[in-house]
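Structure assessment
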Amino acid sequence: MESSLSESFSGDFSCAVCRDVFKHPVLLLCSHSFCKACLHEWWTHKDMRECPVCKNISSMDDPPCNLALKNLCETFVQEKRRKMDPREAAEESLELLQEKLKVFAKAKANCDQTAEHIKVQAQNTERKIRERFEELHRFLREEEEARVAVLREEESKKSRTMAEKIEGLSREMSTLSGTIGAIEEELRAGRGVTLQSHRAAVERVQFSLRDPQPVVGALIDEARHLGNLAHRVWDKMREEAVSYTPVVLDPNTAHARLVLSDDLTAVRRGAVDQRLPDNPERFDLYCRVLAQSGLGSSSGGPHSWDVEVGDNSHWTVGVLADSAQRKGKRVAQCWKVSLYDGKYAAHAKPAGSVAAIQVKAKPRRVRVQLDWSRGRLTFWDPDAGALLHAFQHTFTDALFPYVHNGDDALPLKLLPRRMSVVREEDDHAARGGASCSSSSSASRHGSSSSGRPQSLQASRPFRP
């Protein structure tokens, strides 16, 4: 009876994609079931998460296991094996083991490549760290020499002033000593000296030699050289040697065709794929790269960053949900604006909505502003002060800024922001007094200040 049932229903145990017995079957809302691997492979080659049979769009990114069907398939396979010739069963088992071995061999090869890449990454990263610190050391050495030179110039100037003062006092003392000596000589010689002649001599000396005046500011101005020295050097370093970019790119997510700059703020499209590990974080189909960290409920906000697109003819700037898959053509939750084939458009996926964007002038930069808690995402042309597009959505996942570069010639660049320093006196803070700020005013569509005392702000920085 069991045998006849198995033969009658054997077709019901077959996946419509691979035509083999279900392996880890999952169930869609349309009631069709497929092998989990088969369904995900199918979706990687489709723009939407559609059912391979009825073409209905699935709202589930990870469909649940069809446990009843899984148990039936396992029972069917076990019964089928009991009926098989021992040699056939052994050959089938051998084939399964060989396939499994290939899977392990592929995984090991990728791990071997990853291990080698880790060494290369460490060497390159160490080299870049040392180069950057050498630049900072060079700046500090030059700043030290410049400040010591200013000190020595002040020392030389004030030493000359004091030497001239001492020389003048010496001349006046010599003149005064000569007059005193002449009067004393006359007194010792017993010559006739009148009171009037003595008074006249004294008046001549007092008239020509005024009392010496102290030299104001004669000492080295130590306070000017040493006061807040570290802060003043840092302030100059911030202006001349240090930049802050609210979004930096993560090379471990970059498609193998993309080449990132040393500071991880620019990306260009290479001629061929680089030899990189196929790690889970890396995109393998689209030429995308994500930011280092996601923005969500715990990252504060609002957030803002600028992307220089320049004359690039094929680009995308947007945000991608943390749960999005990086492999294949599988549709991910993303919100973006793009330029392709001379047309600007805004996309929201997987909803599939596309809106054309009309621009008066070609944007050279795109400013992205995200207020995650309020569900608002906007894209601006900051040079023209024009809104390109606005999305309103209730976000649930952390969102990763990302760019896509489809232009073989021109890069995309994340732009630095000017940092601002906010200084607050304790007594002013106690009285609710205003703080002294050295920041430049925000641009028309730039991000707002946080409104709370901070030692360093940078237009609502992206939090690493």
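This structure is a prediction, so every number in the text was calculated from the model and none was measured.

How each quantity is defined
Residues numbered from 1 in each chain as written. Predicted model: local features only at pLDDT ≥ 70, side-chain atom pairs only at ≥ 80, totals over all residues. Heavy atoms only, no water. Salt bridge = Lys/Arg side-chain N within 4 Å of Asp/Glu carboxyl O. Helix = DSSP H or I, 4+ residues; strand = E, 2+ residues; numbered from the N terminus. Buried < 20%, exposed > 50% of the residue type's maximum accessible area, 1.4 Å probe, protein only. Pairing = 2+ DSSP bridges. Axes fitted to C-alpha atoms, helices over the stretch in contact; angles between N-to-C directions.

This part is about the pattern of salt bridges. Opposite charge on two side chains lets them pair, provided their charged atoms get close. Inspection of every chain in the model, using the stated rule, returns 29 salt bridges. One salt bridge connects Glu131 with Arg127, and the closest N-O pair in it is separated by 3.3 Å. With Glu131 and Arg127 both in helix 4 (residues 86-189) and four residues apart, the pair spans about one turn of that helix. Residue class for Arg127 comes out partly exposed when judged on its relative accessible area of 37%. As a salt-bridge pair, Arg365 and Asp383 come within 2.7 Å of each other at their nearest N and O atoms. Of the two residues, Arg365 sits in strand 11 (residues 365-371) while Asp383 sits in the loop between strand 12 (376-381) and strand 13 (386-392), which places them 18 residues apart along the sequence.

A few words on the sheet that holds strand 10 (residues 353-357). Taking strand neighbours across the sheet as the criterion, the six strands line up as 5-14-7-8-9-10 in an open arrangement whose pairing is antiparallel. Bordering the open sheet on either side are strand 5 (288-290) and strand 10, each of which pairs with just one other strand. Neighbour-to-neighbour, the strand axes of this sheet turn through a mean angle of 20 degrees, independent of strand direction. Pairing geometry for strand 5 and strand 14 (residues 399-405), over three bridges, is antiparallel. For Val289, the partnering residue across the bridge sits in strand 14 and is Val403.

What follows concerns unusual backbone geometry. For Arg19, which is not glycine, the phi torsion reads 60 degrees and is therefore positive. With respect to the helices, strands and loops of the structure, Arg19 is situated in the loop between helix 1 (2-8) and strand 1 (25-27). Look at Arg19 and you get exposed, because its relative accessible area is 67%.

Here we take up the sheet that holds strand 3 (residues 258-260). The strand order 3-4-15-6-11-12-13 describes an open sheet built from seven strands, whose pairing is antiparallel. Every other strand in the sheet has two partners, leaving strand 3 and strand 13 as the edge strands with one partner each. Direction aside, neighbouring strands of the sheet carry axes that sit 20 degrees apart on average. Here strand 6 (residues 303-308) runs beside strand 15 (residues 412-414); their pairing, made up of two bridges, is antiparallel.

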